Amino acid sequence: MEEKGREKAVAAMAACYQRFDPAAYLQYNYTPPRADFARKDSIVPWKLACLHRAFTEDDVSGELLVDIGSGPTLYQVLSGCEVFNKVILTDFLEVNRQELRRWLQDEAGCSLDWTPYLQHVCKLEGRRLSAWTEKAAKLRQVIADILPIDVHCSQPLAPDALPSAGADCLVSCFCLESVSPDLAAFTRALGHIWKLLRPGGHLLLIGALGESYYFGGPGVRIPVVPLNEAQVCASLKESSYTLIRLEVYTLPQDMRVGVDDVTGVFFAKARKD
Ligand SMILES: C[S@@+](CC[C@H](N)C(=O)[O-])C[C@H]1O[C@@H](n2cnc3c(N)ncnc32)[C@H](O)[C@@H]1O
Ligand SMILES: O=[N+]([O-])c1ccc2c(c1)CN[C@@H](CO)C2
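Parameters at a glance
- Residues numbered from 1 in each chain as written.
- Chains lettered and ligands numbered in written order.
- Predicted model: local features only at pLDDT ≥ 70, side-chain atom pairs only at ≥ 80, totals over all residues.
- Heavy atoms only, no water.
- UniProt positions renumbered as here; feature names shortened; annotations may be inferred.
- Helix = DSSP H or I, 4+ residues; strand = E, 2+ residues; numbered from the N terminus.
- Contact = heavy atoms within 4.5 Å.
- Polar contact = N/O pair within 3.5 Å; in protein donor to acceptor, adjacent residues only side chain to side chain.
- Near = heavy atom within 4 Å.
- Areas by Shrake-Rupley, 256 points an atom, 1.4 Å probe, with all protein chains shown as cover.
- Nonpolar A, V, L, I, M, F, W, Y, C, P; charged D, E, K, R; others polar.
- Buried < 20%, exposed > 50% of the residue type's maximum accessible area, 1.4 Å probe, protein only.
- Arc of directions from axis to C-beta.

Student: I'd like to hear about the UniProt feature "binding site: S-adenosyl-L-methionine" (unreviewed entry) in the protein, residue by residue, with values.
Tutor: The sites that UniProt annotates as "binding site: S-adenosyl-L-methionine" (unreviewed entry) are Tyr-25, Tyr-30, Gly-69, Ser-70, Tyr-75, Asp-91, Asn-96, Asp-150 and Val-151. Look at the named residues: they lie 127 residues apart in sequence, and the longest C-alpha span between them is 23.9 Å, so in the fold they stay spread out. Its location among the elements puts Tyr-30 in the loop between α2 (22-29) and α3 (43-55). Excluding residues within four positions of it along the chain, Tyr-30 makes contact with Tyr-25, Ala-35, Val-44, Lys-47, Thr-73, Tyr-75, Leu-112, Tyr-117 and Phe-174. Looking at Tyr-30, its side chain comes within polar contact range of the side chain of Tyr-75, at 3.3 Å.

So, in structure tokens, the structure goes:
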């Protein structure tokens, strides 16, 4: 697709996101059955287990963790906040950055109670359940910024947002395939965020497999690039990452709740050499 066509497609995607509804999105994806901590086959516990394992492996270390396309969610940094002493959250929409700020400042009006998530990750860490208040305090202490981002820009963040060496680790969940008009744009976006990472740093990437749309709010139908495992691996390779591990979760029937047509979820741990 030539430059003009690409710009139009990206602008159309941005227009879709103007109607994104953080509270509805959280309700659709981050409450039972998809976030049922009593069910071994629920999606969110699987994601938290992948992230806990990856963030506690020795090769993942440093000062700065950046979350790409945070949305209104915090689950993706609940393990990372124990490893990195500085976490930067990012999103394209002010409504999402506001939602994150509300939690950060412990204000009323958060759209979701993150306590069960904090408790579950404490359990994964072998800590007593009541340590969730310490984890919440730790997370509030390490979150240094909540910044605007556009992964379709060659430079997704403001020029002075990161140290010149780059981030030590990136995490990104359900963002790139949900904001890209096609596979080529998805791969280009991977290349753009690659530049934010220092050599030897890691990318922990979670995404949807086989998904062609999702609802970002009542009647807010957002197109998604349907990916399969081979395409994820090929795109990571094409954008100069070394894939360390790919794990896949297949949705049981009752996790298909009508808010999207996702069939699976992937977790990739990759490195920038
Ligand atoms: C499906 S949500 C994922 C939210 C969260 N990371 C999660 O795991 O649920 C996709 C997010 O990408 C953000 N987004 C939309 N366009 C973007 C862009 N061009 N660059 C970066 N993020 C974008 C949206 O605002 C939204 O928060
Ligand atoms: O089950 N989940 O934990 C979960 C969380 C977020 C999202 C999905 C599934 C599937 N759709 C994506 C948007 O493309 C967002």
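We are not done yet, so read on.
Student: Tell me about the site of ligand 2, residues and numbers included.
Tutor: Taken together, 13 residues are adjacent to ligand 2, and Tyr-30, Ile-43, Lys-47, Ser-178 and Glu-211 come closest. Separating an oxygen atom of ligand 2 from a side-chain N or O atom of Lys-47 is a distance of 3.1 Å. Take Ser-178: an N or O atom from its side chain is 2.8 Å from an oxygen atom of ligand 2. Here ligand 2 has 370 Å² of accessible area as a free molecule, and 99% of this is covered by the chains. Within the residue set of the shell around ligand 2, elements represented by two or more residues are α2 and α3. Broken down by element, the residue count for the shell around ligand 2 peaks at 3 residues, all from α3.

Student: I'd like a description of the environment of Cys-81, backed by residues and values.
Tutor: In this structure, Cys-81 sits in the loop between β1 (64-68) and β2 (86-91). A sequence separation of 17 residues divides Cys-81 from Leu-64, and the C-alpha atoms of the two residues are 9.8 Å apart. Apart from residues no more than four positions distant in its own chain, Cys-81 is found in contact with Val-87, Lys-135, Lys-138, Leu-139 and Val-142.

Student: I'd like a rundown of the site of ligand 1, residues and numbers included.
Tutor: The immediate surroundings of ligand 1 are formed by 22 residues, with Tyr-25, Tyr-30, Gly-69, Tyr-75 and Asp-91 found nearest. In the environment of ligand 1, a nitrogen atom lies 3.3 Å from a nitrogen or oxygen atom belonging to the backbone of Ser-70. Within the backbone of Cys-173, one N or O atom sits 2.8 Å away from a nitrogen atom of ligand 1. For ligand 1, whose free accessible area comes to 600 Å², the fraction covered by protein is 98%. Counted by class, the shell around ligand 1 contains 13 nonpolar, 7 polar and 2 charged residues.

Student: Talk me through helix α4 (residues 94-104); I want residue IDs and the actual numbers.
Tutor: Those residues of α4 that fall on the buried side of the exposure criterion are Asn-96, Arg-97, Glu-99, Leu-100 and Trp-103. Taken around the axis of α4, the buried residues stretch over an arc of 155°, which confines them to a single face. Against the buried residues of α4 lie α2, β2, α6 (132-142) and β3 (143-148). In the segment just after α4, Asp-106 is the residue with positive phi, at about 55°.

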